[in-house]
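Coordinates in review
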Amino acid sequence: MIEVSDFGNKDSTSPQHPRTGTEPISAVKMPERLTAAVDAWAETHHLTRSDAICKLVELGLKTAPPTITSTHAIASDAARIEELAVHEIEALLDPALPVDERERRIRRLTEGPPEFSHERVDLPKDLPKHRT
């Protein structure tokens, strides 16, 4: 005779784990010493390992320095890229060219030809003129 556990039987000897919520399950791979430290922290705070990991991640995110993704950072990156481009273009241009021609060529290469300026997404668009 083969014994099969009865899932509906409340008197079953196997432990029953209730569903704890609707949050998605995320597996975390950690070294044994870190798992032991999390388990010790969880025990002192009377939490499950899962709840302890959530609390520790929340605490870590609160104390982490904010990431710099502001418009100012993006603008400074763009300026730095343009500086590098100008430096490389200057190295490629004929040194015998007059200064004003060198500047015109550099400007044309970094800003693009004027006939395509309306296509540039990094330049402000002209405001529509109001008719009075």
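Going by the structure above, here's the rest.
The structure contained in this document is the topic of the report that follows. (Residues numbered from 1 in each chain as written. Predicted model: local features only at pLDDT ≥ 70, side-chain atom pairs only at ≥ 80, totals over all residues. Heavy atoms only, no water.)

Re the overall build of the protein chain
Scanning the protein chain from terminus to terminus reveals four helices and zero strands. Ordered by position in the sequence, the α and β elements of the protein chain form the string α-α-α-α. Counting every position in the protein chain, which comprises 132 residues, the buried fraction comes to 8%. Considering only contacts in the protein chain between residues 6 or more positions apart, those separated by 24 or more positions represent 5%. Here the protein chain displays about 12,800 Å² of accessible surface, and carbon together with sulfur accounts for 59% of that area. (Helix = DSSP H or I, 4+ residues; strand = E, 2+ residues; numbered from the N terminus. Buried < 20%, exposed > 50% of the residue type's maximum accessible area, 1.4 Å probe, protein only. Contact = heavy atoms within 4.5 Å. Areas by Shrake-Rupley, 256 points an atom, 1.4 Å probe, with all protein chains shown as cover.)

Describing unusual backbone geometry
The residue His-46 is not glycine, and still its phi comes out positive at about 55 degrees. Relative to the helices and strands, His-46 resides in the loop between helix H1 (32-44) and helix H2 (49-63).

Looking at the pattern of salt bridges
Enumeration according to the criterion identifies five salt bridges in this entry. Measuring nitrogen to oxygen at the nearest pair gives 2.7 Å for the salt bridge that ties Arg-49 to Asp-39. In this pair, Arg-49 sits in helix H2 while Asp-39 sits in helix H1, placing the two residues ten residues apart along the sequence. Residue classification places Arg-49 among the partly exposed residues on the basis of a relative accessible area of 42%. Between Arg-104 and Glu-101 there is a salt bridge; the shortest N-O distance is 2.9 Å. In this pair, Arg-104 and Glu-101 are both assigned in helix H4 (residues 99-111), three residues apart and thus about one turn of the helix distant. (Salt bridge = Lys/Arg side-chain N within 4 Å of Asp/Glu carboxyl O.)

Details of H1
Its 13 residues place the ends of H1 18 Å apart at the C-alpha level, agreeing with the 18 Å of an ideal helix rising 1.5 Å per residue. Of the positions making up H1, those classed as buried are Thr-35, Val-38 and Ala-42. Angularly, the buried residues of H1 cover 60 degrees about the axis, an arc narrow enough to put them on a single face. For H1, exposure combined with an orientation more than 90 degrees from the buried face picks out Arg-33, Glu-43 and Thr-44. The secondary structure elements touched by the buried residues of H1 are H2. Backbone geometry just downstream of H1 places His-46 in the positive-phi region, at approximately 55 degrees. (Expected span 1.5 Å × (residues − 1). Arc of directions from axis to C-beta.)

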